[in-house]
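# Report on the structure
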Amino acid sequence: KRLRRPLSFNVSHMKLALALVGILSTMHCIASENATQVPRSVHGLYGKRVEVCFSSANDPRGYQCEGETANTVLVIPLATQREALVNMSLQFSAGHVCQVREDIGTWQADHLAVTLPDQGQCRFDLYFPNREVLIKDDETNPCTPRVCGPRGTLNIRLPRQGGL
């Protein structure tokens, strides 16, 4: 009888320890999953109004502006929660435009990484500081030469206009 008690005591402690390890592992997996989800706060429309200007030899400034348009980035949630749909239209001088339509961004710790397979796997990142979107083109494989005219850039900051 004395041998059974210490053994049963150890088995019950072992079961408890294994149960705790299982619970902690599950909690860690849930926390890891949540860390890779696109935060709801980044979904929405970012943008600002800009003038549309063209070079002009007749104007003393060297350019003439003919109206306004909007630079916009729209981030739309997807069911995967780790990805978001990105639509972007940026206008630059002489009618040069950077456009991205319905491409997927994947959440990477603190930003959306957008890779464009149709454009040679180029990449740009979207950061979201202080209710803005900060677009940063990848230094190794930039998208600017592929999706923008010669006067365009994917290094720009736009304020948040509204959520979804």
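From a predicted model like this one, the values you see are computed outputs, not experimental measurements.

What follows deals with the pairing of strand 7 (residues 132–137). Inspection of the sheet shows strand 6 (residues 122–127) paired to strand 7 by four bridges, in the antiparallel sense. Looking across to strand 7, one finds that Leu 126 is bridged to Ile 135. Both strand 7 and strand 8 (residues 156–162) contribute to a ladder of four bridges, which runs antiparallel. Across the sheet, Ile 135 pairs through a bridge with Ile 156, a residue of strand 8.

Before going further, it helps to examine the nonpolar core. Judged by nonpolar contacts, the single largest core of 28 residues is most densely connected at Phe 124, Leu 126, Ile 135 and Leu 154. Of all the secondary structure elements, the ones that give two or more residues to this core are strand 2 (63–77), strand 3 (83–91), strand 4 (97–107), strand 5 (111–116), strand 6, strand 7 and strand 8. Per-element accounting of this core gives the leading share, four residues, to strand 3. Setting aside residues up to four positions removed in sequence, Leu 126 forms contacts with Val 73, Val 75, Val 86, His 111, Leu 112, Val 114, Val 133, Leu 134 and Ile 135.

Moving on: the state of the cysteines. Linking two cysteines covalently through their sulfur atoms gives a disulfide. By the definition in use, this model includes two disulfides. There is a disulfide in this structure between Cys 122 and Cys 143, and the S-S distance comes to 2.2 Å. Here Cys 122 and Cys 143 share a disulfide; its torsion about the S-S bond, 100°, makes the bridge right-handed. Taken as a pair, Cys 122 in strand 6 and Cys 143 in the loop between strand 7 and helix 2 (144–147) lie far apart in primary sequence, 21 residues in all. Here Cys 143 falls in the buried class, since its relative accessible area comes to 0%.

Reading the values: rules and limits
- Residues numbered from 1 in each chain as written.
- Predicted model: local features only at pLDDT ≥ 70, side-chain atom pairs only at ≥ 80, totals over all residues.
- Heavy atoms only, no water.
- Pairing = 2+ DSSP bridges.
- Helix = DSSP H or I, 4+ residues; strand = E, 2+ residues; numbered from the N terminus.
- Core = buried A, V, L, I, M, F, W, Y, C linked by side-chain atoms within 4.5 Å.
- Buried < 20%, exposed > 50% of the residue type's maximum accessible area, 1.4 Å probe, protein only.
- Contact = heavy atoms within 4.5 Å.
- Disulfide = S-S within 2.5 Å.

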